[in-house]
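Breakdown of the fold
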Amino acid sequence: MTDRRQFIQQAGLLAAAAATGSLMPSIARAQTAKLRVGMMLPYTGTYASLGTAITQGFNLAVEENGGMLGGRAIDFFTVDDESEPSKATDNANKLVQRDKVDLLVGTVHSGVVMAMVKVARDNGTLLIIPNAGANAATGGQCAPNIFRTSFSNWQPAHPMGKVMYERGHRKAVTLTWKYGAGEESIESFKEGFTKLGGSIVKEMYLPFPNVEFQPFITEIASLKPDAVFVFFAGGGAVKFTKDYAAAGLKDKIPLYGSGFLTDGTLEAQGASAQGLLTTLHYGDGIENAKNKLFRYNYGKKYGVQADVYAVQGYDAALLLHGGLNAVKGSFGDRKALYSAMEKVKIDSPRGPWTMSKAHNPIQDIYLRRVEGNANQVIGVAWKALEDPARGCKMSAA
Ligand code: BEZ
């Protein structure tokens, strides 16, 4: 073949390929194609309302940015993970392998998220965690492509040890579900409480998501500790505070928890939650302009009060938006994208927070008291608390 014929043939091929987009530079294609976002969250079961709030918070941020994130329109691929660890690997793989998502957003349950972490690490897929607190996700299993916009299980529980000790309690009973989030929350509370001189009379567990609390409440009544610390969330939290109050213990043995005990649950809990003190990285009445606007917009759009889960979903979308904006919407240079995500300044309803080196928020933990239908902030239990990120060795992107 002459050089000229070869040139004409190649030019023809290139023109055809450009017309179909198959040889368009990947960056140009990436910026025009829709962003494929895999949402893996619980929409059924005890954590269903948490999954819904995260989704709504995420969608509100998308809407506020003109239906886009980082200049890209979005195709959502959604899986109900049922907070079921045994189905988690298959569910995450469906999104990554079958639906070819650009990133995963999920989930609520610590056991389920650890399967997502493995899939994300194995495939190099970006994972943004909008709730699940499993310490290892930003600890021993930390990775350049794994980010969290919520908390580690260690974070909200640790300050409560100090709060309870300073309120004069010396002997505590703990109760939770026996799975990652429950066990890690208790461990963290215990660390904070016993370091100061408090002691744990008994640690009690029941399987997740069991809500047969009666035998435990009976035992608490007979042990007569100074106070009780629990980790429960969602439907289980509602049932627990109601059972505790119905047993007549609410005014006899003070009940404390990490803030999931009373977040997104107050309407259903009614009088059983009034006056309860909890620690969390969010409070309904946080006095900043962003929180007021967020709560107004969220209430107007969804007809319900915003909660911590909605904030975490909102911030997940803003993290992605900020990171993608810095790299002109492209997934082409992962190192640049992740480095931008590490630096994003999120105007969060919870107040300002920064991303730790392990990709977990460094944030204030508030002390809140339930007043009516709100978790009112009555103080800062711990300023700018950073998870210890035990075992995290961040490799290069
Ligand atoms: C968790 O499993 O990590 C979790 C679930 C609900 C609230 C907080 C943490």
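Residues numbered from 1 in each chain as written. Predicted model: local features only at pLDDT ≥ 70, side-chain atom pairs only at ≥ 80, totals over all residues. Heavy atoms only, no water.

1. Notes on the overall build of the protein chain
For the record, the criterion: Secondary structure elements follow DSSP: runs of H or I of four or more residues count as helices, runs of E of two or more count as strands, with numbering from the N terminus. Atoms considered for the radius of gyration are the C-alpha atoms alone. The globule rule reads 2.2 Å times the number of residues to the power 0.38. Remark: exposure states derive from per-residue accessible area (1.4 Å probe, protein chains only) relative to the maximum for the residue type, with buried under 20%, exposed over 50%, and partly exposed in between. Should any heavy atoms of two residues lie within 4.5 Å, those residues are considered in contact. The protein chains shown are the only cover counted for residues, whose accessible areas, like all others here, come from Shrake-Rupley with a 1.4 Å probe. Under the convention used here, Asp and Glu are negative, Lys and Arg are positive, and both His and the chain ends fall outside the count. We put the charge of a Lys on NZ, of an Arg on CZ, of an Asp on CG and of a Glu on CD.
Scanning the protein chain from N- to C-terminus turns up 13 helices and 14 strands. Taking 21 Å as the expected radius of gyration for a compact globule of 397 residues, we find that the protein chain reaches 23 Å, a close match to that expectation. On the principal axes, the C-alpha backbone points of the protein chain span a range of 95 × 40 × 35 Å. Within the protein chain, the proportion of its 397 residues that are buried is 54%. Considering only residue pairs separated by 6 or more positions, the protein chain has 69% of its internal contacts joining residues 24 or more positions apart. For the protein chain, the exposed surface amounts to about 16,300 Å²; the carbon and sulfur share of it is 54%. With 43 positive and 36 negative side-chain charges, the protein chain shows a separation of 4 Å between the mean positions of the two kinds.

2. Here we look at the site of the ligand
Selection criterion: Near, as used in this document, describes a residue that has one of its heavy atoms within 4 Å of the molecule or strand being considered. What qualifies as a polar contact is a pair of N or O atoms within 3.5 Å, subject to a donor-acceptor requirement within protein and to the restriction that residues adjacent in sequence count only when both atoms come from side chains.
By nearness alone, 15 residues border the ligand, and Val108, Ser110, Gly133, Tyr179 and Ala181 come closest of all. In the model, an oxygen atom of the ligand is placed 2.7 Å from a nitrogen or oxygen of the Ser110 side chain. Gly133 is positioned with one of its backbone polar atoms (N or O) 2.9 Å from an oxygen atom of the ligand. Starting from 270 Å² of accessible surface for the ligand in isolation, the protein chains cover 100%.

3. Section: the nonpolar core
The following threshold applies: Among buried residues, those of type Ala, Val, Leu, Ile, Met, Phe, Trp, Tyr and Cys that are joined through side-chain atoms within 4.5 Å constitute a nonpolar core. The split of the chain into domains comes from an automatic or database domain assignment.
Ranked by internal contacts, the top residues of the largest apolar core, which has 77 residues, are Phe232 and Phe240. Looking at this core element by element, the count peaks at eleven residues for helix H12 (residues 308–326). Residues lining this core come from more than one domain, with at least three contributed by each of domain 1 (4–151 + 287–355) and domain 2 (154–280). Not counting chain neighbours up to four residues away, the residues in contact with Phe232 comprise Leu175, Thr176, Trp177, Leu206, Phe213, Ala237, Phe240, Phe260 and Leu261. Ranked by size, the runner-up nonpolar core spans 23 residues in total, among them Met40, Ala92, Met116 and Val119.

4. Section: the packing of H12 against helix H13 (residues 334–343)
Put simply, the rule reads: Every axis in this analysis is a line fitted to C-alpha atoms, fitted for helices over the stretch in contact. Angles between the N-to-C directions lie between 0 and 180 degrees. For this classification, under 35 degrees means roughly parallel, over 145 means roughly antiparallel, 65 to 115 means roughly perpendicular, and everything else is oblique. Put simply, a crossing is left-handed when the front helix is turned counterclockwise from the back one by less than a right angle, and right-handed when it is turned clockwise. Only Asp, Glu, Lys and Arg are considered charged in this grouping, and only Ala, Val, Leu, Ile, Met, Phe, Trp, Tyr, Cys and Pro are considered nonpolar; every other residue, Gly among them, is considered polar.
Look at H12 against H13: their axes get within 8 Å of each other, and the N-to-C directions meet at 130°. Accordingly, the angle class assigned to the pair H12 and H13 is oblique. The element H12 and its partner H13 pack so that their crossing is right-handed. When H12 is examined against H13, the residues Leu319, Gly323, Leu324 and Ala326 are found in contact with a partner set consisting of Leu337, Ala340 and Met341. Here the residues of the contact of H12 with H13 are counted per class, giving six nonpolar, one polar and no charged.

5. Concerning H13
Put simply, the rule is: By arc we mean the arc of the directions from the helix axis to the C-beta atoms, nothing more.
Those residues of H13 lying buried are Leu337, Tyr338, Ala340 and Met341. Take H13 and look down its axis: the buried residues cluster within an arc of 160°, on one side only. Within H13, the exposed residues directed more than 90 degrees away from the buried face are Lys335 and Lys343. Considering only its buried residues, H13 is in contact with strand S5 (126–129), strand S6 (146–148) and H12. For H13, the side-chain oxygen to backbone nitrogen distance between the N-cap and Lys335 is 3.2 Å, and the N-cap itself is Asp333.

6. Quick notes on helix H3 (residues 48–64)
Heads up, the condition is: The span expected for a helix works out to 1.5 Å for each residue beyond the first.
Taking 1.5 Å as the rise per residue, H3 with 17 residues should run 24 Å; its terminal C-alpha atoms sit 25 Å apart, in good agreement. Of all 17 residues in H3, twelve are buried, a share of seventy percent or more. Buried within H3 are the following residues: Ala48, Leu50, Gly51, Ala53, Ile54, Thr55, Gln56, Gly57, Phe58, Leu60, Ala61 and Val62. Positive phi shows up at Gly66, right after H3, with a value of about 70°.

7. Remarks on the domain arrangement of the protein chain
The test is simple: Buried area, as used here, totals the accessible surface that two parts lose on assembly, with accessibility defined by a 1.4 Å probe and the loss added over both.
In terms of domain boundaries, the protein chain breaks down into domain 1 (4–151 + 287–355) and domain 2 (154–280). Using C-alpha coordinates to define each centre, domain 1 is positioned 33 Å away from domain 2. Between domain 1 and domain 2, the residue contacts involve 14 residues of the former and 19 residues of the latter. Buried surface at the junction of domain 1 and domain 2, summed over both partners, amounts to about 1,300 Å²; 57% is from carbon and sulfur atoms.

8. Remarks on the side chain of His359
Relative to the helices and strands, His359 is located in the loop between strand S12 (354–355) and strand S13 (361–371). A relative accessible area of 0% means that His359 is categorised as buried. For His359, the contacting residues outside a window of four places in its chain are Thr138, Ala143, Pro144, Ile146, Phe147, Arg148, Glu342 and Met394.

9. Some remarks on the pattern of salt bridges
This is how it is decided: The term salt bridge refers to a pairing of a side-chain nitrogen on Lys or Arg with a carboxyl oxygen on Asp or Glu at a separation within 4 Å.
The full count for this structure, using the stated rule, is 17 salt bridges. Ionic pairing is found between Lys239 and Asp243, a salt bridge with its closest N-O pair at 2.7 Å. Taken together, the positions of Lys239 and Asp243, both in helix H9 (residues 234–246) and four residues apart, correspond to about one turn of that helix. The exposure class assigned to Asp243 is buried, which follows from its relative accessible area of 15%. Through salt bridges with shared partners, one network takes in Glu187, Lys190 and Glu203.

10. A word on the packing of helix H4 (residues 85–98) against helix H5 (residues 110–123)
The interhelical angle for the contact between H4 and H5, taken along N-to-C directions, is 35°, at an axis separation of 8 Å. Between H4 and H5 lies a crossing whose hand is right-handed. Judged by residue contacts, Pro85, Ala88, Thr89, Ala92, Asn93, Val96 and Gln97 of H4 engage Gly111, Val112, Ala115, Met116, Val119 and Asn123 from H5. Residue composition of the contact of H4 with H5, grouped by class: eight nonpolar, five polar and no charged.

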